[in-house]
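Chain and residue survey
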Amino acid sequence: MDASRFTRLTLVRLAAAALVLGWAAMRPEALGVPVASLAVVAVGYAAVATCAELARRRIGNDLRGLFTGLLCIDGVFLAATTYATGATLGPTGALVYLH
């Protein structure tokens, strides 16, 4: 995996976190969890994605371990937010397909 692809995936991760936060702000009654809990998950996910991008810039080209770890974190984020926002009828249904 090259560095530009990793950077693009980081931007997709940040956009996903922003989408979840926007959905929570617009439709708090549709959530299965408190808005604050979902905000913590989304902001934490964005922070991890940002830290991973910074780490990638320090590591260089050997991205296999970092990429694999982030894929696992992506799965946890998508599962948690899919549950919290109303299964596949919420905004994360599209995110799962995008990922």
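Conventions we followed
- Residues numbered from 1 in each chain as written.
- Predicted model: local features only at pLDDT ≥ 70, side-chain atom pairs only at ≥ 80, totals over all residues.
- Heavy atoms only, no water.
- Core = buried A, V, L, I, M, F, W, Y, C linked by side-chain atoms within 4.5 Å.
- Buried < 20%, exposed > 50% of the residue type's maximum accessible area, 1.4 Å probe, protein only.
- Helix = DSSP H or I, 4+ residues; strand = E, 2+ residues; numbered from the N terminus.
- Contact = heavy atoms within 4.5 Å.
- Polar contact = N/O pair within 3.5 Å; in protein donor to acceptor, adjacent residues only side chain to side chain.
- Axes fitted to C-alpha atoms, helices over the stretch in contact; angles between N-to-C directions.
- Parallel < 35°, antiparallel > 145°, perpendicular 65-115°, else oblique.
- Left-handed = near helix turned anticlockwise from the far one by under 90°.
- Nonpolar A, V, L, I, M, F, W, Y, C, P; charged D, E, K, R; others polar.

1. Concerning the nonpolar core
- Residues Ala-17, Val-20, Leu-31, Leu-38, Ala-42 and Phe-77 are the most contacted members of the largest nonpolar core, which totals 13 residues.
- Elements with a minimum of two residues in this core: helix 1 (3–26), helix 2 (35–59) and helix 3 (64–84).
- A per-element tally of this core places helix 1 first, with five residues.
- Residues within four places of Phe-77 in sequence aside, it is in contact with Ala-16, Ala-17, Val-20, Val-41, Ala-42 and Tyr-45.
- One finds Phe-6, Ala-52, Phe-67 and Leu-70 within the second-largest nonpolar core, a separate group that totals five residues.

2. What to know about the environment of Thr-7
- Turning to its location among the elements, Thr-7 is positioned in helix 1.
- Judged by its relative accessible area of 25%, Thr-7 falls in the partly exposed class.
- Along the backbone, Thr-7 and Arg-57 are 50 residues apart, and their C-alpha atoms lie at a distance of 9.7 Å.
- When near neighbours in sequence (up to four residues on either side) are disregarded, Thr-7 contacts Glu-53 and Arg-56.
- Engagement of the side chain of Thr-7 in a polar contact is seen with the side chain of Arg-56, the distance being 3.1 Å.

3. Thoughts on the packing of helix 1 against helix 3
- At a minimum axis separation of 12 Å, helix 1 and helix 3 run at an interaxial angle of 15 degrees. If you check the angle between helix 1 and helix 3, you find them roughly parallel. By crossing handedness, the relation of helix 1 to helix 3 is classed as left-handed. For the pair formed by helix 1 and helix 3, the contact residues are Phe-6, Leu-9, Arg-13, Ala-16, Ala-17 and Val-20 on the first element and Leu-66, Phe-67, Leu-70, Leu-71, Asp-74, Phe-77 and Thr-81 on the second.
- Looking at the contact of helix 1 with helix 3 residue by residue, the class counts come to 10 nonpolar, one polar and two charged.

The values are spatial; any link to function lies outside them.
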